[in-house]
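Below, each chain spelled out in residue letters.
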Amino acid sequence: MKKLIIRDIVEVTHGKLLNGSLEAEVKNFCKDTRIIKFGETYIGIKGENFDGNMLWKQAIDKGATTVIVQGVDFTKDELEKFQSVNIIKVEDTIKAISDIAKYKRSLYGKNFPVVGVTGSVGKTSTKDIIANVVSQKYETLKTQGNKNNNIGLPFTIFNLENHQAAVIEMGMDHFGEISDLTKIAKPTVSVITNIGTSHIGNLGSMQNILKAKLEILEGMDKKVLVVNNDNELLHNLSLDSKNVEIHTFGIENLSEVMGENIVLNEDNSEFICNLKGEKFKIKVPVGGIHFVYNALCAVTVGNLLGLSIDEIITGIENFELTKKRMDITDLENGVKIINDSYNANFESMQASLKYLSELKNDRKIAVLGDMFGLGEFSEELHKKVGKEVVKNNIDVLICCGDYMKYTIETAKECGFDENSIYYFKTKEEIERFIKKFWKSGDAILIKASNAMKFFEIAETILRKGD
């Protein structure tokens, strides 16, 4: 484990040590006084609704031995009372965690394998499967859940201990955000899963989304980039002038790593992987063509990091998804619940509806809520979802949300049976309706942007099925 001491933190943050020892070791960072443990370091974060810097005393009472805060005027009595605690005052704690994380990453050297993962859709599931592959050879740190922003990513880096590699997810909704994150993580291999419509409301076009995702290259010394070659913008990517080494995976377009003879089952898939002419069979423990792409991406990364084919196969066949992302439950009453409620954009809606359509259940029921962050494209993209509902022969459409009215309108225009459409103002109404409406043999997809809280619908009806 690479040690951090107070002196390092004071130097990289340009902070001031008010109490404590410059030689004291700093361990286990935490920003939540409710869960902080004895011996940990508390960092105060100022949020929209509260200022965590003002909770420094609570953190010490819970056992924090170091606190890093901004905007706190310590009295002489307070400093005397807590003289055994390392107290560091900085100008900006958000900037401080970035600076500390950059320093900690630097302790592991330029050759420490770090896989940076970004893209419009599938970042978290791709990150999970890559991490499971890489962990077959290296002790691997990965981003937990989707903590992929300017706070979550540094706290992931803080968790580096005796690791031999890291797989780090990077999210964004504006220009400049990936640039900042990649300069902290310093990836040795970067992945762009795809370019879609997520955050198009902020960035204005898919070309701009591509430009924002390509910021991931800015933190790399040697620029090694893995891309989905079946995504139109990535397929046509030309970065020769930037000295980028591009590696591709795909199914439709000729790529370094190809998926062939694909068999899609309800709960898994099988395919032949063609890795530069060497062929081997892979079974993916989650259904859907998009998880075949995730697996191909993991093969590409694993190969670049020197894993054997057996290690790659084992990593793919044994990975587990983050909850709320294609979380599939077969209930005793004969109903299948597909809880994909964590987030939504057009591409992920499209993939989930396609997966639902391929199931063998008697009725395919789509419970859909609004997609956020689409700006002026909101109406257009919600209408496109309506077309996908019809295209995929969904039997029942249940909706909630202002923008979903466009989805319903388009579905009707495309010939969807009006008697099989249900619109509700609240998710609680949907919960009550489903309890009365479902029957054995149904498959129910639950999908919306996270702010719609459709995961609560899934939780309620899963309790009903117990």
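Our subject is the structure that appears above.
Reading the values: rules and limits
- Residues numbered from 1 in each chain as written.
- Predicted model: local features only at pLDDT ≥ 70, side-chain atom pairs only at ≥ 80, totals over all residues.
- Heavy atoms only, no water.
- Pairing = 2+ DSSP bridges.
- Helix = DSSP H or I, 4+ residues; strand = E, 2+ residues; numbered from the N terminus.
- Axes fitted to C-alpha atoms, helices over the stretch in contact; angles between N-to-C directions.
- Contact = heavy atoms within 4.5 Å.
- Buried < 20%, exposed > 50% of the residue type's maximum accessible area, 1.4 Å probe, protein only.
- Arc of directions from axis to C-beta.
- Core = buried A, V, L, I, M, F, W, Y, C linked by side-chain atoms within 4.5 Å.
- Salt bridge = Lys/Arg side-chain N within 4 Å of Asp/Glu carboxyl O.

A. Representation of the sheet that holds strand E17 (residues 327-330) within the structure. With respect to topology, 6 strands assemble into an open sheet ordered E17-E18-E22-E19-E20-E21, the strand pairing being mixed. Two strands lie at the open edges of the sheet, namely E17 and strand E21 (421-424), each paired on one side alone. Strand-to-strand twist in this sheet, taken as the mean axis angle between neighbours without regard to direction, amounts to 15 degrees. Relative to strand E20 (residues 396-400), strand E19 (residues 363-369) runs parallel, the two being bridged by 5 bridges. Of the residues in E20, the one forming a bridge with Leu368 is Cys399. Packed on one face of the sheet, helix H16 (residues 427-437) meets E19, E20, E21 and strand E22 (442-447) and runs near 155 degrees to E20.

B. Fine view of the environment of Val389. Mapped onto the secondary structure, Val389 falls in helix H14 (residues 378-391). Among the residues examined, Val389 registers a relative accessible area of 0% and is labelled buried. Not counting residues up to four positions away in its chain, the partners in contact with Val389 are Leu353, Leu368, Ile394, Leu397 and Phe416.

C. Fine view of helix H9 (residues 206-213). Those residues of H9 that sit buried are Ile209, Leu210, Ala212 and Lys213. Taken around the axis of H9, the buried residues stretch over an arc of 160 degrees, which confines them to a single face.

D. Representation of the nonpolar core. Phe29, Ile130, Ile282, Val299, Ile316, Leu368 and Leu397 are the most contacted members of the largest nonpolar core, which totals 119 residues. For this core, the element with the most residues is helix H11 (residues 289-304), which contributes 9 residues. Counting residues in hydrophobic clusters, the runner-up holds 21 residues, among them Ile365, Cys400, Trp438 and Ile461.

E. Focus on unusual backbone geometry. In this structure, Asn261 is a non-glycine residue whose phi angle is positive, near 50 degrees. Residue classification places Asn261 among the exposed positions, given a relative accessible area of 62%. Residue Lys276 is not a glycine yet carries a positive backbone phi of 50 degrees. As for its placement among the helices and strands, Lys276 is situated in the loop between strand E15 (269-275) and strand E16 (278-284).

F. Expanded view of the pattern of salt bridges. The full count for this structure, using the stated rule, is 22 salt bridges. With a closest N to O distance of 2.9 Å, Asp330 and Lys336 form a salt bridge. Overall, the relative accessible area of 48% leaves Asp330 in the partly exposed class. Lys447 is paired through a salt bridge with Asp340; the nearest N and O atoms lie 3.0 Å apart. Here Lys447 is found in strand E22, whereas its partner Asp340 is found in the loop between strand E18 (336-339) and helix H13 (346-357), with 107 residues between them in sequence. Classification of Lys447 as buried rests on a relative accessible area of 2%. Looking at Asp340, the relative accessible area reads 7%, which means it is buried.

G. Structural context of the sheet that holds strand E2 (residues 16-19). With mixed pairing, the 5 strands of this open sheet are ordered in space as E2-E7-E6-E5-E4. This sheet does not close on itself; its edge strands, each paired only once, are E2 and strand E4 (29-30). Looking at chain direction, E2 and strand E7 (residues 86-89) are connected through 3 bridges and run antiparallel. Counterpart to Asn19 in the pairing with E7 is Ile87. Lying over the sheet, helix H1 (residues 6-13) contacts E2, E4, strand E6 (66-69) and E7, oriented at roughly 5 degrees with respect to E7.

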